[in-house]
Amino acid sequence: MARLIYSGIMSLDGYIADEHGDFNWSAPDEEVHAFVNDLERSIGTYLLGRRMYEIMVFWENADSFANESPVMQDFASVWQSADKVVYSTTLETMSSARTRLETAFDPDAIRQLKATAERDISVGGPHLAAQAIAAGLVDEYHLFINPVVIGGGTRYLPDGVRLPLELREERRFGNGVVYLRYRATP
């Protein structure tokens with residue numbers, strides 16, 4: 001059975017973007033990026049909301065990374081090799097390979113995907129993740145906490161949720177980022 005993983009890069013106060021939607025403060029350095037790449041190799045399917053898809057589709061064009069660092073080229077390869085499911089009521093076409101469009105998040109369909117998938121599944125974007133969290137579908141939370149406080153914006157976790165979690169892994173990086181991996185407990 002595949003795990004459903006919610007991974008995010010956030011500020012110390014729990015935001016993934018500031019009140020203007022800016023997340024440039026969260027760009028990982030080479031060490032963090034290489035670690036993220038290794039984590040993402042287990043992902044066979046990305047579940048994405050429209051906004052997250054529009055950000056991540058940047059990684060689709062391999063030619064864009066020919067002159068970039070090996071770490072960026074590696075992530076592009078990881079992204080391109082996975083299936084993507086995009087949840088949107090406004091998009092009509094997808095601009096990436098291995099991508100299908102769904103108009104509504106269906107928890108039962110995700111349960112079926114988890115039961116049959118050979119590789120893990122990642123849910124991306126706080127709004128879509130909130131639906132998966134509310135449905136009790138998220139198995140693990142991968143948090144990359146940046147040493148910055150931004151004071152407001154888009155939160156990593158939805159309000160009104162109480163989750164018992166078990167710390168499974170932690171790591172500190174040279175740039176002050178801390179990685180925490182939690183498993184949801186029944």
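Refer to the preceding data block for the structure.
So, here's what we can say about the structure. (Residues numbered from 1 in each chain as written. Predicted model: local features only at pLDDT ≥ 70, side-chain atom pairs only at ≥ 80, totals over all residues. Heavy atoms only, no water.)

### Re the overall build of the protein
Inference 1: Along the protein, the regular secondary structure elements total five helices and ten strands.
Inference 2: Taking 186 residues into account, the globule formula puts the C-alpha radius of gyration at 16 Å, and the protein, at 16 Å, falls close to it.
Inference 3: With respect to the three principal axes, the spread of C-alpha positions in the protein is 45 × 40 × 35 Å.
Inference 4: A total of 186 residues make up the protein; the buried ones form 42% of that total.
Inference 5: Partitioning the intrachain contacts of the protein with sequence separation of at least 6 by distance along the chain shows that 71% fall at a separation of at least 24.
Inference 6: Of note, the protein has its 17 positive side-chain charges centred 6 Å away from the centre of its 27 negative side-chain charges. (Helix = DSSP H or I, 4+ residues; strand = E, 2+ residues; numbered from the N terminus. Rg over C-alpha atoms; globule rule 2.2 N^0.38 Å. Buried < 20%, exposed > 50% of the residue type's maximum accessible area, 1.4 Å probe, protein only. Contact = heavy atoms within 4.5 Å. Lys, Arg positive; Asp, Glu negative; His and termini not counted. Charge placed at Lys NZ, Arg CZ, Asp CG, Glu CD.)

### Some remarks on the packing of aromatic side chains
Inference 1: Enumeration according to the criterion identifies ten aromatic pairs in this entry.
Inference 2: Centroid distance Phe35 to Phe173: 5.3 Å. Interplanar angle 70°. Geometry classified as edge-to-face. Remark: Phe173 occurs in the loop between β9 (165–172) and β10 (178–184) and Phe35 occurs in helix α1 (residues 30–40); sequence separation between them is 138 residues.
Inference 3: Given the relative accessible area of 12%, Phe35 is considered buried.
Inference 4: The ring of Trp79 carries Lys84 above its face, with NZ or CZ at 4.7 Å from the centroid.
Inference 5: We note Arg155 situated over the ring of Tyr15; from NZ or CZ to the ring centre the distance is 5.1 Å. (Phe/Tyr/Trp six-rings, centres within 6.5 Å; stacked < 30°, edge-to-face > 60°. Lys NZ or Arg CZ within 6 Å of the ring centre and 35° of its normal.)

### Comments concerning the pattern of salt bridges
Inference 1: Under the defined criterion, the tally for this structure stands at 16 salt bridges.
Inference 2: Across the pair Arg50 and Glu54 runs a salt bridge, and its minimum N-O distance is 2.8 Å. Taken as a pair, Arg50 and Glu54 lie in helix α2 (residues 50–56) at a separation of four residues, close to a single helical turn.
Inference 3: Looking at Glu54, the relative accessible area reads 41%, which means it is partly exposed.
Inference 4: Of the charged contacts, one joins Arg181 and Glu169 as a salt bridge, the two residues approaching to 3.1 Å between their closest N and O atoms. Within this pair, whereas Arg181 is found in strand β10, its partner Glu169 is found in strand β9, the two being separated by twelve residues in sequence.
Inference 5: Arg181 sits in the buried class, given a relative accessible area of 17%. (Salt bridge = Lys/Arg side-chain N within 4 Å of Asp/Glu carboxyl O.)

### Section: helix α5 (residues 126–134)
Inference 1: Within α5 the residues assigned to the buried category are Pro126, Leu128, Ala129, Ala132 and Ile133. Within α5, the buried residues cover an arc of 155° as seen down the axis, which keeps them to one side. For α5, the exposed residues set more than 90 degrees away from the buried face come down to His127 and Ala134.
Inference 2: Positioned one or two residues after α5, Gly136 has a phi angle of 70°, which is positive. (Arc of directions from axis to C-beta.)

### Quick look at the side chain of Asn146
Inference 1: Among the secondary structure elements, Asn146 is positioned in strand β7 (residues 140–146).
Inference 2: By relative accessible area, which is 8% here, Asn146 ends up buried.
Inference 3: With residues near it in sequence (within four places) discarded, Asn146 still touches Ile9, Met10, Ser11, Leu12, Trp25, Ser26 and Val177.

### A look at the sheet that holds strand β6 (residues 120–124)
Inference 1: The strand order across the open sheet built from eight strands is β5-β4-β3-β6-β1-β7-β10-β9, with neighbouring strands paired in mixed fashion. Of all the strands in the sheet, the pair left with one neighbour each is β5 (99–102) and β9. Across the sheet, the mean angle separating the axes of adjacent strands is 20° when strand polarity is ignored.
Inference 2: Running over the sheet, helix α4 (residues 107–116) touches β1 (4–11), β3 (43–49), β4 (83–87) and β6 and is turned about 165° from β3. (Pairing = 2+ DSSP bridges. Axes fitted to C-alpha atoms, helices over the stretch in contact; angles between N-to-C directions.)

### A few points about the side chain of Lys84
Inference 1: With respect to the helices and strands, Lys84 occurs in strand β4.
Inference 2: Relative accessible area serves as the criterion here: at 1%, Lys84 is assigned to the buried category.
Inference 3: Within the structure, Lys84 has its side chain in polar contact with the backbone oxygen of Ala82 (distance 2.7 Å).
Inference 4: Not counting residues within four places of it along the chain, the set of residues in contact with Lys84 comprises Tyr46, Leu48, Glu60, Trp79, Ser96, Ala97, Arg98, Thr99 and Arg100. (Polar contact = N/O pair within 3.5 Å; in protein donor to acceptor, adjacent residues only side chain to side chain.)

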